[in-house]
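The chain contents come next:
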Amino acid sequence: MTSDYPKFEQWIKEGKRVAIELASRDGKSRQVEVFTRVEGEGPWLTFLHGFPTSSMDWARVLPLVSQRFRVLLFDFPGFGDSDKPPDLDYSIVGQANCVEALWRKLGITSSSLVVHDLGSTIGVEVLYRLAQGTLCAEIPRMIIMNSAIYPEAYRPLVSQRLLLNPLTGPLFSRLVNWTIFRRQYRSVFSENRVPSDGEFAENWKAIVHRNGKRNFHHCIQYINERIGQRERWEPVVEKTKVPIRYVWGMLDPIEGAIMLKVMKQRMPGLDVREIADVGHVPQLEVPEIVAEEILKLRA
């Protein structure tokens, strides 16, 4: 990896926190400030990041596409420089509400989507709302990268299992540290494309910023939601009229070749670019390939 990855402090200086209304777990509305960056010119393009990181997931891709798109990046509540209140609704529905609230705030009525990991499941919920006719914007095209489209093919990390467990989750949220994060996150990259410790450290800063660790066990429940809501989301992916291009790191140990095999069985004719020597985070491992696919959205 090259050394041009940004410092977390500089990254957030180049954006701003935007106030929107979201719901707490008790259903009451509350104001939340969400870190956002808007860059470039052209049609809107929205990036949705994964767990447990932040909009910095897209730092290597952003300069490669911002001359052709007006790009919206943001940290979901509970992540990065956004607010992280312990009582917020961190469900997929709650996070999709954040997407819509930002689109309304910025006057976005049409935006393509590029999504990954947690962001992919949120993106599918957005597609569901589009199919129901309730979404506030149109989605011309979409790119989905490594995600648990079908839960039965998902292979969670040990840390994810601990966080998902209602008994160990709150405790592990407090105990997880830089060493555990580095070891677990490092394991999802392909062997020849592992980021430097410096890059891992910048991601760790985003995670612990604003007391973020306390919500790990809340924010990761999307993994269980994928099972409970599969009848809501899987038909949407399979039948949507929005053109979806899949960009897939085949060496991903949690959502790689096994996941893609199931996807091909369920969705014959899948439009996919398989990247043989890449792991779970293509946008950090091969940003030029991801950017190439994004630029095709303008065609």
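Please read all numbers here as calculations on a predicted model, not as lab measurements.

Here the focus is the overall build of the chain. A count of helical and extended segments in the chain gives 14 helices and eight strands. For a compact globule of 299 residues, the expected C-alpha radius of gyration is about 19 Å, and the chain comes in at 18 Å, within 12% of that figure. Overall size of the chain, expressed as C-alpha extent along the three principal axes, is 45 × 45 × 40 Å. Relative to its full complement of 299 residues, the chain shows a buried share of 58%. Split by element, the accessible area of the chain, about 12,400 Å² in all, is 51% carbon and sulfur. Between the averaged position of the 39 positive side-chain charges in the chain and that of its 36 negative side-chain charges there is a distance of 2 Å.

Looking now at the packing of aromatic side chains. With the rule as written, the count across this model stands at 12 aromatic pairs. With 6.4 Å between their ring centres and 45° between their planes, Trp 178 and Phe 181 make a pair best called tilted. Separated by three residues within a single helix, Trp 178 and Phe 181 lie in helix α7 (residues 178–186), roughly one turn from each other. Exposure remark for Trp 178: the relative accessible area of 29% places this residue in the partly exposed category. By the ring-pair criterion, three or more aromatic residues cluster together here, those being Trp 178, Phe 181, Tyr 185, Phe 189, Phe 200 and Trp 204. Above the face of the Trp 11 ring, Arg 37 is positioned so that its terminal group lies 4.0 Å from the ring centre. One cation-aromatic arrangement involves Arg 298 over Phe 69; the distance from NZ or CZ to the ring centre is 5.8 Å.

Among the secondary structure elements, Glu 125 is positioned in helix α4 (residues 118–132). By relative accessible area, Glu 125 is classed as buried at 0%. With sequence-adjacent residues up to four places away left out, Glu 125 is seen in contact with Ile 92, Val 93, Ala 96, Arg 232 and Trp 233.

For strand β5 (residues 112–116), the tally of buried residues reaches five of five residues, placing the bulk of the element in the interior. Burial along β5 is two-sided: Ser 112, Val 114 and His 116 facing one way and Leu 113 and Val 115 facing the other are all buried. Strand direction decides the pairing type here: strand β3 (residues 44–48) and β5, joined by four bridges, are parallel. Residue pairing for β5: Thr 46 is matched across the bridge by Leu 113. Inspection of the sheet shows β5 paired to strand β6 (residues 142–145) by four bridges, in the parallel sense. Residue His 116 lies in a different strand from β6, and its bridge partner there is Met 145. You can see the chain leave β5, run along α4 and come back into β6, and the turn it takes is right-handed.

On to the pairing of strand β8 (residues 272–275), then. Bridging between strand β7 (residues 244–249) and β8 involves four bridges; their strand directions are parallel. If you follow Tyr 246 over to β8, its bridge partner there is Val 272. Each parallel crossover has a hand, and the one from β7 via helix α12 (residues 257–266) to β8 is right-handed.

Turning to the pattern of salt bridges, a few remarks are in order. Under the criterion given, the structure shown has 28 salt bridges. Of the charged contacts, one joins Arg 232 and Glu 125 as a salt bridge, the two residues approaching to 2.8 Å between their closest N and O atoms. With Arg 232 in helix α11 (residues 230–239) and Glu 125 in helix α4, this pair connects stretches of sequence that are 107 residues apart. When its relative accessible area of 27% is taken as the criterion, Arg 232 is described as partly exposed. Ionic pairing is found between Arg 193 and Asp 277, a salt bridge with its closest N-O pair at 2.7 Å. With Arg 193 in the loop between α7 and α8 (197–208) and Asp 277 in the loop between β8 and α13 (282–285), this pair connects stretches of sequence that are 84 residues apart. Exposure remark for Arg 193: the relative accessible area of 23% places this residue in the partly exposed category. On the accessibility criterion, Asp 277 (38% relative accessible area) is partly exposed.

About the thresholds
Residues numbered from 1 in each chain as written. Predicted model: local features only at pLDDT ≥ 70, side-chain atom pairs only at ≥ 80, totals over all residues. Heavy atoms only, no water. Helix = DSSP H or I, 4+ residues; strand = E, 2+ residues; numbered from the N terminus. Rg over C-alpha atoms; globule rule 2.2 N^0.38 Å. Buried < 20%, exposed > 50% of the residue type's maximum accessible area, 1.4 Å probe, protein only. Areas by Shrake-Rupley, 256 points an atom, 1.4 Å probe, with all protein chains shown as cover. Lys, Arg positive; Asp, Glu negative; His and termini not counted. Charge placed at Lys NZ, Arg CZ, Asp CG, Glu CD. Phe/Tyr/Trp six-rings, centres within 6.5 Å; stacked < 30°, edge-to-face > 60°. Lys NZ or Arg CZ within 6 Å of the ring centre and 35° of its normal. Contact = heavy atoms within 4.5 Å. Pairing = 2+ DSSP bridges. Right-handed = clockwise from strand over helix to strand, strands pointing away. Salt bridge = Lys/Arg side-chain N within 4 Å of Asp/Glu carboxyl O.

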